[in-house]
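# Reading the structure
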Amino acid sequence: MTQTEPEIDAVLIPELITLEEPPEEKAAAIEFLLDRAVDAGRVTDREAALEALLAREEETTTGVGMGIGIPHAKTDAVAEPTIVFARSSAGIDFDAMDGEPATLLFMLLVPAEGGEDHLELLSSLSRALMHDDVRERLHEADSKAAIEETITEAVA
Amino acid sequence: MERTVTVVPEDGLHARPAATFVETATEFDADVRVAPADGDEPVDAASMLAVTSLGVASGEDVRLIAEGDDAEAALDDLEELLTTPETESAAESSSGT
């Protein structure tokens, strides 16, 4: 299963990119992101997905610094790998070690039986986001298409 | 100086083990970098984003590189951390990564 790394353009669809401002509180922002996936019909059990996401945050924050939050979970509540993207202009306190509020939010939901898929997605996304110009372009993008293009290009 | 260590915790270099790793690396004056043993450029061990980007799974080897006065102490602490299984069962939560 490890050789079938999920392709980013199959995972990141325009419907799951939002330009709307998420709530400023962490748990509420996580629910906001989850609801984008729920509305897109990607989640069969909202409560189970939310519980898995919050359990992961409880273990240790997914605020990885540099203004990025990547709440994620492996859960039976999704049938296929799903990424939701939102930007916060206000910044959300994600308890990151570097103290930076999260302004770029990526939610990853991966089926429980997905093996190492979630680690692959998490690592390729993180690798892309380490580049200053990628984060800058995501902040400046004025359309869903521009965001999708930036992420797809950076991860490829 | 550098050292190659096998990552023992079931989560690999993710979630809590990664957070503890980054916190520990930050505690030392030495500049610590980490890389998968099989190649790739070493990244800043004090950055959670950088450590997450490596995608190191349990059972894989990492190369730890430390430079500075307390480099050896830093390597000792980081090695101990990476070779200690987590006390809490990872199977307890299906969300752990």
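Residues numbered from 1 in each chain as written. Chains lettered and ligands numbered in written order. Predicted model: local features only at pLDDT ≥ 70, side-chain atom pairs only at ≥ 80, totals over all residues. Heavy atoms only, no water.

### Observations regarding the pattern of salt bridges
What counts, and what does not: The salt bridge definition used is simple: a Lys or Arg side-chain nitrogen within 4 Å of an Asp or Glu carboxyl oxygen. By definition, any uninterrupted DSSP run of H or I lasting at least four residues is a helix, any uninterrupted run of E lasting at least two residues is a strand, and each is numbered from the N terminus. In this scheme, a residue with accessible area under 20% of its type's maximum is buried, one over 50% is exposed, and one in between is partly exposed, where area comes from a 1.4 Å probe on protein chains only.
In total, this model carries 11 salt bridges over all chains according to the counting rule given. Note that Arg 137 of chain A and Glu 153 of chain A form a salt bridge whose closest N and O atoms lie 3.1 Å from each other. With a gap of 16 residues between them, Arg 137 of chain A in helix H5 (residues 132–140) and Glu 153 of chain A in helix H6 (residues 144–155) connect regions that are remote in the sequence. Looking at Arg 137 of chain A, the relative accessible area reads 33%, which means it is partly exposed. Between Arg 63 of chain B and Glu 2 of chain B there is a salt bridge whose closest N-O contact spans 3.2 Å. One end of the pair, Arg 63 of chain B, is in strand E4 (residues 61–67); the other, Glu 2 of chain B, is in strand E1 (residues 2–6), and 61 residues separate them in sequence. Residue classification places Arg 63 of chain B among the partly exposed residues on the basis of a relative accessible area of 23%.

### Some remarks on the packing of aromatic side chains
Residues and elements named next belong to chain A. Applicable threshold: The pairing test for Phe, Tyr and Trp rings, Trp by its six-membered ring, is centres within 6.5 Å, and the orientation test on the planes gives stacked under 30 degrees, edge-to-face over 60, and tilted for anything in between. When the NZ atom of lysine or the CZ atom of arginine is within 6 Å of a ring's centre and also within 35 degrees of its normal, the charge is said to sit over that ring.
Summed over all chains, the structure comprises one aromatic pair over all chains. Cation over ring: Lys 26 sits above Phe 94, and NZ or CZ is 5.0 Å from the ring centre. Against the face of Phe 32 rests Arg 36, its NZ or CZ located 4.6 Å from the ring centre.

### A few points about the interface of chain B and chain A
The condition that has to hold: Here, two residues are considered to be in contact whenever any of their heavy atoms come within 4.5 Å of each other. Summed over both partners, buried area is the accessible surface (1.4 Å probe) that two parts give up on being assembled. Polar contact is the term for a pair of N or O atoms within 3.5 Å; when the atoms are in protein, one must be able to donate a hydrogen and the other to accept it, and sequence-neighboring residues count only if both atoms are side-chain atoms. When residues are grouped by polarity, Ala, Val, Leu, Ile, Met, Phe, Trp, Tyr, Cys and Pro land in nonpolar, Asp, Glu, Lys and Arg in charged, and all others, Gly among them, in polar.
Each side of the interface is counted separately: chain B has 20 residues, and chain A has 21 residues. Between chain B and chain A, roughly 1,800 Å² of surface is buried when both sides are summed, and carbon and sulfur atoms account for 67% of that area. Connecting chain B to chain A are zero salt bridges. Viewed at the interface, chain A and chain B are joined by three residue pairs in polar contact (both at pLDDT 80 or more). Mapped onto the side of chain B that touches chain A, the elements with two or more residues apiece are helix H1 (15–27) and helix H2 (48–54) of chain B. Of all the elements, H2 of chain B adds the most residues to the side of chain B that touches chain A, at six residues. Class assignment of the residues belonging to the side of chain B that touches chain A gives a composition of nine nonpolar, eight polar and three charged.

### Quick look at the packing of helix H2 (residues 26–39) of chain A against helix H3 (residues 46–59) of chain A
Residues and elements named next belong to chain A. Our working rule: Helix axes are fitted to C-alpha atoms over the stretch in contact, other axes to C-alpha atoms as well, and angles between N-to-C directions run from 0 to 180 degrees. Angles below 35 degrees are treated as roughly parallel, those above 145 as roughly antiparallel, those between 65 and 115 as roughly perpendicular, and all remaining angles as oblique. Take the far helix as the reference: if the near one is turned anticlockwise from it by less than a right angle, the crossing is left-handed, and if turned clockwise, right-handed.
Two numbers describe how H2 lies on H3: the axes approach to 11 Å, and their chain directions differ by 140°. In terms of their interaxial angle, H2 and H3 are classed as oblique. In this structure, H2 meets H3 at a crossing whose hand is right-handed. In contact with Lys 26, Ile 30, Glu 31, Leu 34, Asp 35 and Val 38 of H2, H3 contributes Arg 46, Ala 49, Leu 50, Leu 53, Leu 54 and Glu 57. Looking at the contact of H2 with H3, its residues break down into seven nonpolar, no polar and five charged.

### Notes on the confidence of the model for chain A
We apply this condition: The predictor attaches a confidence to each residue, called pLDDT, with possible values from 0 through 100.
Considering every residue of chain A, the mean pLDDT works out to 92; 96% of them sit at 70 or more. Confidence, read as mean pLDDT per element, is least for helix H1 (residues 8–11) of chain A in chain A (73) and greatest for strand E3 (residues 68–69) of chain A (98).

### As for helix H3 (residues 71–82) of chain B
Residues and elements named next belong to chain B. As a reminder, the rule being used: In a helix, the anticipated span is given by 1.5 Å times the number of residues less one. Directions drawn from the helix axis to the C-beta atoms are what define this arc.
Here H3 spans 16 Å end to end across 12 residues, near enough to the 16 Å set by a 1.5 Å rise per residue. All buried positions along H3 are accounted for by Ala 71, Ala 74, Leu 75, Leu 78, Leu 81 and Leu 82. The arc enclosing the buried residues of H3, seen along the axis, measures out at 130°, which places them on a common side.

### Some remarks on the nonpolar core
Short version of the rule: Working definition of a nonpolar core: buried Ala, Val, Leu, Ile, Met, Phe, Trp, Tyr and Cys residues. They are joined through side-chain atoms within 4.5 Å.
Residues Phe 106 and Ile 151 of chain A together with Phe 21, Val 34 and Leu 64 of chain B are the most contacted members of the largest nonpolar core, which totals 53 residues. It is H3 of chain B that provides the largest number of residues to this core, a total of six residues. Apart from residues no more than four positions distant in its own chain, Val 34 of chain B is found in contact with Phe 21, Glu 41, Pro 42, Val 43, Ala 45, Val 51, Leu 54, Val 62, Arg 63 and Leu 64 of chain B. Leu 16, Ala 37, Val 43 and Leu 50 of chain A belong to the second-largest nonpolar core, a separate cluster that totals 23 residues.

### Observations concerning the sheet that holds E1 of chain B
Residue and element names in this part refer to chain B. Put simply, the test is: Paired strands are those between which DSSP finds at least two bridges.
A sheet is described by the order of its strands in space; here four strands give the open sequence E1-E4-E2-E3, paired in antiparallel fashion. This sheet does not close on itself; its edge strands, each paired only once, are E1 and strand E3 (43–44). Sheet topology places E1 next to E4; five bridges connect them, and they run antiparallel. Bridging across to E4, Thr 4 finds its partner in Arg 63.

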